[in-house]
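# Residue-level structural notes
One letter stands for each residue in the lines below.
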Amino acid sequence: MMTDNATVDFCVRLLQSYPAGLSYATADSHGHSHTGTDGDAHSHSHGESDGHGHSHGDSQSHGHSHGRCAPLEETYTVGIHIVALFVVLVASALGALLPLIGKHVRAMRVPEYAYAVGKSCATGVLLAVATIHMINHAVVTFGAECAPASFVGLFEGWAFLFAMIAAIVMHFIDTQIMRVTQRWACKQEALRARGEAGGAGPAAAEQRAKEPVTECELVDEPSDEGALPDKGCGDGHGHSHAIELPDYMAPAQRIVAALSLEFGVTLHSVFVGLTLGITADDDMTVLLIALVFHQFFEGIAMGSRLADAPFRLSLELVLALVFALSAPVGIAAGAGAIVASRSALTGSTYVMVSAICDSVCGGILLYLAFVLLVVDFAVDLKRFAGHDMPYRMLKEYGLFAALWVGAGVMALIGKWL
């Protein structure tokens with residue numbers, strides 16, 4: 001025993017004789033090396049290990065999660081949540097209706113460049129919502145304590161896998177719709193051209209119309225505005241008077257894009273509303289403020305897509321109303337569940353449903369956001385900040401600033417929501 005104590009004392013004196021700033025390394029039980037100094041005494045935390053050498057830490061450090069494992073124990077006032085329900089309803093409806101009002105009410109229309117700025121801001125909003133509000137929350141929720149270990153342990157990237165699958169499916173649907181609509185447009189144009197070609201009388205024209213169309217007779221050359229050729233969309237002047245997709249994109253693509261965005265943000269808003277509905281009074285104020293801005297900016301993005309699509313006004317209003325009611329319905333459901341039982345909307349089933357829905361919706365919105373970023377944003381830059389446009393540098397910086405502001409504001413809101 002004396003020999004062991006002497007050895008320990010020798011090691012301690014040896015370590016104390018090192019210079020203060022000299023670094024040393026220690027190995028953990030997994031064989032990883034952690035470097036430190038005498039002065040810091042390893043004051044940093046490595047989190048909890050998952051058995052694979054990765055440290056994920058506590059799920060609470062990543063921000064607010066849509067999943068809840070433990071029952072609510074803090075003070076909960078139903079009246080406060082009812083007031084929050086109507087506040088969120090007004091913010092959601094206002095955001096969704098503003099683009100539609102600008103489209104249908106002539107007195108409320110703004111210059112086209114202002115619409116382009118608004119669309120750029122909406123693109124940034126979608127990017128932040130998809131990555132920070134949905135996919136990031138899905139990652140955190142999959143790592144919750146009550147998530148089924150047998151499922152989560154099979155693969156570490158479930159959130160990104162579901163998001164990737166959703167984006168791939170959206171790309172396939174979008175591509176097939178573009179192929180079908182372009183083929184139809186080419187066929188119609190070819191038949192029209194043959195009918196107008198030389199010949200005597202309607203009988204000859206009818207005979208030519210019956211001949212099979214084997215190739216598209218359209219010539220795909222850039223238009224004067226730098227866009228692809230018009231395929232029968234738009235108002236005939238290369239633009240419309242609302243926030244829109246480029247004119248060469250078929251109406252069917254606009255409809256699919258609008259309905260996909262409607263599905264993604266509406267389902268996401270329901271779960272966000274559930275989160276607010278089961279939140280205790282102490283955390284209510286900050287979360288409500290974040291949700292109001294969240295729903296307002298998401299509503300603008302949603303309304304912009306509805307204004308793009310060739311919907312009737314009645315259908316536009318119905319879809320805007322569905323979005324506006326999504327978060328309030330979630331709040332009402334959450335409040336009702338908490339009144340019935342403090343342990344409602346907890347456990348592994350709710351956590352897994354929330355995580356999978358966030359992942360899938362995040363993938364859908366991420367695809368739509370990059371379509372807007374790669375296609376629409378480039379077209380708007382060409383239209384408003386081309387080499388021969390006045391104040392082109394200011395307009396270009398304005399579009400970029402709107403994109404960054406939209407993404408930045410929604411990313412900041414993600415700290416609380």
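Residues numbered from 1 in each chain as written. Predicted model: local features only at pLDDT ≥ 70, side-chain atom pairs only at ≥ 80, totals over all residues. Heavy atoms only, no water.

## Considering the UniProt feature "transmembrane region" (unreviewed entry) in the protein
Here is the rule we go by: UniProt positions are given in the numbering used here, feature names are shortened, and annotations may be inferred rather than shown by experiment. Under the DSSP-based scheme used, a helix requires at least four consecutive residues in state H or I and a strand at least two consecutive residues in state E, with every element numbered from the N terminus.
Feature annotation in UniProt places "transmembrane region" (unreviewed entry) on residues 80-101, 113-135, 155-173, 255-278, 284-303, 315-338, 350-375 and 396-414, given in this structure's numbering. Between the C-alpha atoms that bound residues 255-278 the distance is 35 Å, and the span itself is 96% helix and 0% strand. End C-alpha atoms of residues 284-303 are separated by 27 Å, and the span's content is 100% helix alongside 0% strand.

## Details of the side chain of Ser304
As a reminder, the rule being used: Burial classification: accessible surface area is computed with a 1.4 Å probe over protein chains only, and a residue below 20% of its type maximum counts as buried, one above 50% as exposed, and the rest as partly exposed. Distance and chemistry together define a polar contact, namely a pair of N or O atoms within 3.5 Å, with one atom able to donate a hydrogen and the other to accept it when in protein, and with adjacent residues in sequence counting only for side-chain atoms on both sides.
Checked against the element boundaries, Ser304 lands in helix α8 (residues 284-308). The class for Ser304 is buried, based on a relative accessible area of 4%. Polar side-chain contacts of Ser304 include one of 2.7 Å to the backbone oxygen of Ile300.

## Digging into the pattern of salt bridges
Formally: Whenever a carboxyl oxygen of Asp or Glu lies within 4 Å of a side-chain nitrogen of Lys or Arg, that contact is scored as a salt bridge.
Across all of its chains, the model carries three salt bridges by this definition. In this structure, Glu316 engages Lys103 in a salt bridge whose closest nitrogen and oxygen atoms are separated by 2.8 Å. Note that Glu316 is positioned in helix α9 (residues 313-340) and Lys103 in helix α2 (residues 78-104), a separation of 213 residues in sequence. Overall, the relative accessible area of 0% leaves Glu316 in the buried class. On the accessibility criterion, Lys103 (19% relative accessible area) is buried. Taking the shortest distance from any N to any O, the salt bridge between Lys119 and Asp376 comes out at 3.6 Å. Residue Lys119 is located in helix α3 (residues 112-142), and its partner Asp376 is located in helix α10 (residues 348-384); the two are separated by 257 residues in the primary sequence. Grouping residues by exposure puts Lys119 and Asp376 together as buried.

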